[in-house]
Amino acid sequence: MPQDLQNIAEALVANNKGILAADETVGTLTKRFDALGIKSTEQSRRNYREMLFTPPGISDYVSGVIMHDETIRQKSAGGVPLGEILARQGILPGIKVDAGAKPLAGSPDETITEGLDGLRGRLKEYREFGARFAKWRAVIRITGTLPSRMCIRANAHALGRYAALCQEQQLVPIVEPEVLMDGSHSIERSEEVTELVLHTVFDELFEQAVTFESMLLKPSMVISGSDSTSKASVQDVAVATLRCLRRQVPAAVPGIVFLSGGQTDQLATAHLNAMNQLSGPKPWKLTFSYGRALQDRAMDAWRGRDENVKAGQQALHHRARCNSAAACGSYTESMESEVAVAGMRTPVSPQGKHAPAAQPTT
Ligand code: 13P
């Protein structure tokens with residue numbers, strides 16, 4: 001496993017791999033479980049995460065996993081810390097370190113992400129738990145009058161403080177300014193807001209002496225609002241997103257790892273693929289750090305039942321494989337009908353050796 005920050009950042013985006021975001025808070029995961037009739041307990045959440053972390057061959061496509069505080073402290077059914085389960089497969093353990101988006105004083109329809117108090121101490125502890133990278137999500141909402149300049153600046157400042165502290169504590173910061181797709185805005189408005197947000201964020205990162213070579217950016221794509229009456233095409237999204245990134249993201253940043261933000265899983269894959277197919281300069285790797293777009297089908301297939309672990313793992317493996325293809329522009333829709341199991345290798349035992357019979361116990 002790479003040790004220094006730049007090598008870790010580069011390893012996270014190497015070989016057409018991407019990141020699995022599995023850092024939902026207890027509240028968010030419970031809502032997703034509830035929708036499928038899965039009981040949310042500490043153990044069921046552990047079982048779910050253990051299923052996600054152990055599909056045979058998943059490390060062919062996944063370079064890192066973002067965990068939640070609860071998960072990094074949990075052990076597998078076989079008694080191995082979940083971060084260690086990842087590390088034994090060569091997957092870098094990561095951790096969400098923000099404390100969530102809270103109403104912004106002075107502009108209550110917007111949010112500021114909290115969690116800077118005591119952050120240095122928490123980062124130290126997470127590194128001892130084996131984390132090698134971290135994530136902080138800022139949320140920007142588009143309406144007819146929002147976002148306010150105040151909201152963008154306050155969130156960019158917090159991202160800068162977080163990223164600088166991460167690098168001080170030897171963790172690669174993933175800087176995530178999410179411009180929400182909720183709303184009826186056009187793709188042009190999404191581009192305008194995203195460009196201003198990225199400009200402001202990189203200005204703060206520079207002011208706060210963050211090393212660009214040792215970080216990753218996790219942006220939303222430039223996309224029309226989910227309630228917009230005119231939906232931008234896959235090609236339009238790819239062109240607008242890449243134009244925006246070229247204008248605002250320094251070439252020194254090794255990689256851009258997109259969030260999926262509520263897009264359907266196949267659309268998130270198609271958008272990433274289209275960007276990687278576009279010609280012209282792309283000084284950074286463009287890959288995925290999806291949550292819902294990787295997990296939704298796996299959770300649906302699993303539904304909290306031991307006998308469905310294999311089906312859940314196949315669903316995740318399939319989406320990870322499609323997105324890895326998209327990370328080099330070689331995804332085709334025909335991949336969607338390929339049988340996921342064909343790509344699955346023999347399972348990985350808790351000892352990190354291939355053990356033909358072992359399935360993770362949940
Ligand atoms: P989605 O891909 O579901 O948007 O989640 C990514 C993430 O990490 C959100 O913070």
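As shown above, the structure is provided for reference.
The notes below deal with the structure included here. Given the structure is predicted, the values throughout are model-derived calculations rather than measurements.

Turning to the state of the cysteines, a few remarks are in order. Taken as a whole and judged by the stated rule, the model has 0 disulfides. Free of any disulfide, Cys328 has its nearest cysteine sulfur in Cys322, 12 Å distant. Overall, Cys328 belongs to the partly exposed group, its relative accessible area being 39%.

With that settled, consider the site of the ligand. As a structural note, the neighbourhood of the ligand is formed by 13 residues, with Lys135, Lys218, Ser260, Gly261 and Arg292 the closest of them. A distance of 2.6 Å is found between an oxygen atom of the ligand and a side-chain nitrogen or oxygen belonging to Lys135. Residue Lys218 places a side-chain N or O atom 2.7 Å away from an oxygen atom belonging to the ligand. Burial of the ligand by the surrounding chains reaches 91%, relative to a free accessible area of 300 Å². Mapped by element, the contributors of at least two residues to the shell around the ligand are strand 6 (133-140) and strand 10 (285-290). Residues of the shell around the ligand, tallied by class, amount to 3 nonpolar, 4 polar and 6 charged.

As a further point, take the pattern of salt bridges. One pass over the structure, following the stated rule, counts 22 salt bridges. A salt bridge links Glu192 to Arg189; its shortest N-O distance comes to 2.9 Å. In this pair, Glu192 and Arg189 are both assigned in helix 8 (residues 187-207), 3 residues apart and thus about one turn of the helix distant. A residue is classified by how much of its surface remains accessible, and Arg189, at 23% relative accessible area, is partly exposed.

A word on the packing of helix 10 (residues 265-277) against helix 12 (residues 309-326). Running from amino to carboxyl end, helix 10 crosses helix 12 at an angle of 20°, the nearest separation of the two axes being 8 Å. Overall, the two elements helix 10 and helix 12 adopt an arrangement that is roughly parallel. Of helix 12, the residues touching helix 10 (which contributes Asp265, Gln266, Thr269, Leu272, Asn273 and Asn276) are Arg319, Cys322, Asn323, Ala325 and Ala326. Split into classes, the residues belonging to the contact of helix 10 with helix 12 amount to 4 nonpolar, 5 polar and 2 charged.

What follows is about the side chain of Ser107. Relative to the assigned elements, Ser107 resides in strand 5 (residues 107-113). At a separation of 2.7 Å, a polar atom in the side chain of Ser107 contacts the side chain of Glu110. If we skip the residues at most four places from it in the chain, Ser107 touches Leu146, Ser148 and Met150.

So, on to helix 9 (residues 234-248). Here helix 9 spans 21 Å end to end across 15 residues, near enough to the 21 Å set by a 1.5 Å rise per residue. For helix 9, the full list of buried residues reads Val237, Ala238, Ala240, Thr241, Leu242, Cys244, Leu245 and Gln248. In this structure, the buried side of helix 9 is in contact with helix 8, strand 8 (216-217), strand 9 (255-258), helix 10 and strand 10.

Before going further, it helps to spend a moment on the packing of helix 9 against helix 10. It is the contact of helix 9 with helix 10, at a shortest axis distance of 8 Å, that shows an interaxial angle of 55°. It follows from the interaxial angle that helix 9 and helix 10 lie oblique. In this structure, helix 9 meets helix 10 at a crossing whose hand is right-handed. In this structure, helix 9 contributes Val234, Gln235, Val237, Ala238, Thr241 and Leu242 to the contact, and helix 10 contributes Leu267, Ala270, His271, Ala274 and Met275.

Basis of the calculations
Residues numbered from 1 in each chain as written. Predicted model: local features only at pLDDT ≥ 70, side-chain atom pairs only at ≥ 80, totals over all residues. Heavy atoms only, no water. Disulfide = S-S within 2.5 Å. Buried < 20%, exposed > 50% of the residue type's maximum accessible area, 1.4 Å probe, protein only. Near = heavy atom within 4 Å. Polar contact = N/O pair within 3.5 Å; in protein donor to acceptor, adjacent residues only side chain to side chain. Areas by Shrake-Rupley, 256 points an atom, 1.4 Å probe, with all protein chains shown as cover. Helix = DSSP H or I, 4+ residues; strand = E, 2+ residues; numbered from the N terminus. Nonpolar A, V, L, I, M, F, W, Y, C, P; charged D, E, K, R; others polar. Salt bridge = Lys/Arg side-chain N within 4 Å of Asp/Glu carboxyl O. Axes fitted to C-alpha atoms, helices over the stretch in contact; angles between N-to-C directions. Parallel < 35°, antiparallel > 145°, perpendicular 65-115°, else oblique. Contact = heavy atoms within 4.5 Å. Expected span 1.5 Å × (residues − 1). Left-handed = near helix turned anticlockwise from the far one by under 90°.

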